[in-house]
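# Residue-level structural notes
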Amino acid sequence: MKKIGFDSEKYIEEQSAYILERVNHYDKLYLEFGGKLVDDKHAKRVLPGFEEDAKIKLLQKLKDQAEILICVYAGDIERNKIRGDYGITYDMDILRLIDELRGYGLSINSVVITRYNGQPATKVFINKLERRNIKVYKHAEIEDYPVNVEKIVSEDGFGKNDYIETTKPIVVVTAPGPGSGKLATCLNQLYHESQKGHAAGYSKFETFPVWNVPLKHPLNIAYEAATVDLKDVNMIDSFHFDAYNKIAVNYNRDIETFPVIKRIIEKITGKESVYLSPTDMGVNRVGFGIVDDAVVQEASKQEIIRRYFQTECDFKKGLIDEEAVNRIKLIMEEVGLRPKDRKVVLPAHDYAKTIQSPTKDPVAVIAIQLPNEVIITGRTSSLMDASAAVILNAVKHLAHIADDIPLLSPLVLERSKE
C-alpha cells in the first residue's frame, strides 16, 4: 500500500476558508492561480495523498462565488508552444481546459489574449473561440512593463486595455503555462475597478514553494528541480522576515518583482498596500495539509531523481539547454541523491546488460514498480516498443498469467507489422 503523507480534504478546507477570508476585505478579489489548475501531477507525486483535482474540488466549493479568466500570451500561440505534459499546443489546451472546467460546473468568463498586436495565428485562434461563443479580450503590450509605474498606471498603460466585465466576487485568473500574463491581467483589472470606484484586491493562489516548510526541505527542492528550465530558485523572503521577524520561503521571481508590484498596487488604489511581503500576497495552506513529513520527504526525493532523468532526456531531444542539465545535477548533489536511488534504475540496467549485444544497436529497456513494490521490466522488440512491452508484462503479473502465454494473438501482431 502506498503511504499517505498529505491530507487533501484538510487542505481544501483550509485553502477555501483562507480565500473567503481575503474576499471579505473587498468587493472583488482577483486570484492569480500559480501552477496547474487541473491534473496537478507534480503535487500528487511529492505529496502522497494530494488529489490531482484538489484545486477543482476547491473551486467547486466556491463555484457560486467564482468565475474564471484564462490568459494566453499571443506569442505562444504564434509559435505553437507545446505543453510538455499533454504534448498539445497552448491554443488546443485552452479549448480542452474550457471543456473540462465547464464539465465540473465552473463558470468561464472569457479568454484574455495578452501582448496582442494582430498576430495572424492568434487572429485565427480568436475566431475559433468567438465561433464557440467564448468571449475574448485583447490586451496590448505596455512598453517598459513592469518598471515604468507612472506610465503603466495611466490612460496610456492599463487604461488602453479593455476592462473585463465580471459578475462574481472571486475572479480566478489562470493560464496554460508561465509567462501568459496572469499578473498583468489582474493588475489591469485592479486599475479599471479603481477607476470605477470599486474596492478590488489581488492575491496569488500558491502551491510551491511551500512558505512554512524549510528552505532546504526536499519538497521545496523538488520545486526547483521541476523548474530548472525557468531558473527558479527558492529563497528566504527577506521582506517577510523584516516585517514579521519570521522565516518564510518564496522564490526569486516573486521576491525580485515584489517592490514594483507593491508600488503599482499602491499607485492604483492610492493607499498603502496591505501586503508587506510576497508571502503575504500568497494564499498557500499546503504546509498545513502534511500529516507525515517522512513520507513527503521520500516522495520528494524520488521526484527529484525523476526530474533528473526527464531533464537529461529533454536535453537530448534539444528542448532545453545544457545549463538546465548542470542545474539538475547540482540539485541531485545538494540532496545527496544518485540516479540508482530510484528503485527501478538498477533492475532496468541489469536487464539491459543481459540482452545487449556488442554487435547490434542498444535495445531500449523500461522498468516500472507496481503498488505491491514488484518491479516489472520490458524491452523494445520487432513487435512493440519497451513501454508497450512493460505494460503487457505488468498485466500478466497482476493477472497471474504465465510469461510464455501471449496476451495478443500472433496473427494480430503480424498484421500490425505490415
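A brief structural summary. (Residues numbered from 1 in each chain as written. Predicted model: local features only at pLDDT ≥ 70, side-chain atom pairs only at ≥ 80, totals over all residues. Heavy atoms only, no water.)

With that settled, consider the packing of aromatic side chains. The tally for this structure, following the rule as stated, stands at nine aromatic pairs. Ring centres 5.9 Å apart and planes at 45° place the aromatic pair Y11 and F50 in the tilted group. Within this pair, whereas Y11 is found in helix α1 (residues 8-23), its partner F50 is found in the loop between α2 (41-46) and α3 (54-61), the two being separated by 39 residues in sequence. F50 gets classed as buried once you look at its relative accessible area, which sits at 3%. Three or more aromatic residues link up through ring pairs in this structure, and these residues are F6, Y11 and F50. One residue, R115, lies across the ring of Y73, its end atom 3.6 Å from the ring centre. The side chain of R285 reaches across the aromatic face of Y18, ending 4.7 Å from its centre. (Phe/Tyr/Trp six-rings, centres within 6.5 Å; stacked < 30°, edge-to-face > 60°. Helix = DSSP H or I, 4+ residues; strand = E, 2+ residues; numbered from the N terminus. Buried < 20%, exposed > 50% of the residue type's maximum accessible area, 1.4 Å probe, protein only. Lys NZ or Arg CZ within 6 Å of the ring centre and 35° of its normal.)

The subject of this paragraph is the pairing of strand β1 (residues 28-33). Along β1, six of the six residues are buried, which leaves the element largely enclosed by surrounding structure. Side chains K28, Y30 and E32 of β1 all project onto a buried face; the interleaved residues L29, L31 and F33 project onto the opposite face, where all are buried too. Both β1 and strand β6 (residues 200-205) contribute to a ladder of six bridges, which runs parallel. Along β6, the bridge assignment pairs E32 with K204. Of the pairings in the sheet, the one linking β1 to strand β5 (residues 170-174) comprises four bridges and is parallel in character. Looking at β5, one finds that E32 is bridged to V173. (Pairing = 2+ DSSP bridges.)

A word on the state of the cysteines. According to the stated counting rule, one finds zero disulfides in the structure shown. With no disulfide partner, C186 has as its closest neighbouring cysteine sulfur the one in C71, 7.1 Å distant. The buried category is assigned to C186, whose relative accessible area is 0%. (Disulfide = S-S within 2.5 Å.)

With that settled, consider helix α16 (residues 386-399). For α16, which comprises 14 residues, the first-to-last C-alpha distance of 20 Å matches the rise-based estimate of 20 Å (1.5 Å per residue) to within 8%. Taken residue by residue, α16 has A386, A389, V390, A394 and K396 as its buried positions. Viewed end-on, α16 has its buried residues packed into an arc of 160°, placing them on one side of the element. Opposite its buried face, α16 presents the exposed residues I391 and L398, each directed more than 90 degrees away. Looking at the packing, one finds that the buried side of α16 touches β10 (365-369) and β11 (375-379). Just past α16, the residue H400 takes up positive phi, approximately 55°. (Expected span 1.5 Å × (residues − 1). Arc of directions from axis to C-beta. Contact = heavy atoms within 4.5 Å.)

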